[in-house]
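The primary structure of each chain is shown beneath.
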Amino acid sequence: MLTRYLLSLLCLVFLSQGCKQQNTDDVVFDTSFASARLADIEKTANNKFKANVLPESEPINPSPWYAFAVQAEDSKTVQLTLDYGEYQHRYVPKVSWDQLHWTSLDTAQFVLDTLNHTATLFLEVSSRKLYVAAQEIETSADTYAWMEKIVGEHPEIEQLVAGKTVLDKDNLALVHELTDVEDCIVLVARQHPPEIPGGTIGFKSFYETLFSNTEIAKAFRENFNIYTFPLLNPDGADMGNWRHNANGVDLNRDWIDFSQPETQMVKDFVEGKVKQGKKIRFALDFHTSHSGPYILVLDSINELKTAAIIPDWIKKIDSSFSAKVEVRRRSQELPYCYNYFFNVFGAESVTYEDGDETNRDTIRKRGQVYAEKLMQTLMTKQKNGAFSN
Ligand SMILES: [Zn+2]
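Here the structure is a predicted model, which is why all the values come from computation and not from measurement.

For the rest of this paragraph, the subject is the sheet that holds strand 19 (residues 348-355). A sheet is described by the order of its strands in space; here eight strands give the open sequence 12-13-15-14-16-19-17-18, paired in mixed fashion. Edge positions in the open sheet fall to strand 12 (158-164) and strand 18 (327-329), since each of these has one partner strand only. Here the strands of the sheet are splayed against their neighbours by 25° on average, with no regard to which way each runs. Summarising the sheet, strand 14 (residues 183-189) and strand 16 (residues 279-289) pair through seven bridges and their orientation is parallel. Residue Val188 lies in a different strand from strand 16, and its bridge partner there is Asp285.

Moving on to the packing of helix 3 (residues 196-210) against helix 10 (residues 360-383). Contact pair helix 3 / helix 10: the axes reach a minimum separation of 8 Å and the direction vectors enclose 45°. Judged by the angle between their axes, helix 3 and helix 10 are oblique. In terms of crossing hand, the pair formed by helix 3 and helix 10 is right-handed. For the pair helix 3 and helix 10, the contacting residues are Pro197, Gly198, Ile201, Gly202, Phe203, Ser205, Phe206, Thr209 and Leu210 in the first and Arg360, Ile363, Arg364, Arg366, Gly367, Gln368, Tyr370, Ala371, Glu372 and Met375 in the second. In the contact of helix 3 with helix 10, the residues fall into nine nonpolar, six polar and four charged.

What counts as what
- Residues numbered from 1 in each chain as written.
- Predicted model: local features only at pLDDT ≥ 70, side-chain atom pairs only at ≥ 80, totals over all residues.
- Pairing = 2+ DSSP bridges.
- Helix = DSSP H or I, 4+ residues; strand = E, 2+ residues; numbered from the N terminus.
- Axes fitted to C-alpha atoms, helices over the stretch in contact; angles between N-to-C directions.
- Parallel < 35°, antiparallel > 145°, perpendicular 65-115°, else oblique.
- Left-handed = near helix turned anticlockwise from the far one by under 90°.
- Contact = placed C-beta atoms within 7 Å.
- Nonpolar A, V, L, I, M, F, W, Y, C, P; charged D, E, K, R; others polar.

What follows is the structure, given as structure tokens:
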């Protein structure tokens, strides 16, 4: 009995440190992989467990990310209660065998208790490892593998180390640039680790559309340089953070102070290009919201000073896509990425928000349509001399 108790205690210690350990009744929880997050896993009854979903630091935007794998010798249903502490459940649990194909748990498979801030998941476990996460898992290795593939298909894209992260990892950018082309767009994605729907799925679809073989895409690439930061917060993504980088800072509140290496890197890169004579004409920053999809745009006073790319682009989207664009305005004073591009370079810019649980095919389609219509709009503006300065 004592041995059993000590073993169980050891398991809990290992589990809370993120190590893979077997529980006493053959149910194994694994939190050792990149992006994993689950703490203090505890057995409360036969096949019943409880665990904490804790943020990396506080104060923090309430976006409780969790990710773990679970397996057992015998096939059975395991009940796991996620305790969010002072926060509320946000993301519908997704499950996968291979970290590539994911399905949302249906409503019969999890029960929310908003009074006690918990979600109880009913998981069909077996000897095959089942991944469970708040959204599809996309580690830095996943995004970098996608970048390698794109660069393989388009050798004219340069992949470069634009800077270092807080944890001293390489932070990568994709650069598509022609020497005699001045007009540029900038894409920034995934400042916030859990925001896979817009920040990764939508962003990738948007980017792939810019590099498709359509006539508009080919013409666009000959007339606009494309500077891209596909995963601005790789440390946060691999740590399974709710929101912050490895210093506990929300990167999308750091575009006035530039206190972090990740935001400073984009500033140095873009300002270096501007010094070389390049002109930033448009910027997009890809995110996800529980109330998305929508687009954050310039406030109305500042919109009057522009070449009206944003209203023309939105009109084009609305005429060809079933879901109308929801526009939200924010003050230009906020330290958000898109405000930096307008305030410093006069470039029109938006925050692109998709929705937490929006159908993934719809997210991909939105990325494609928004990219096509932006290319058309920018090409028309350029031909009409809107960028003559
Ligand atoms: Zn965000």
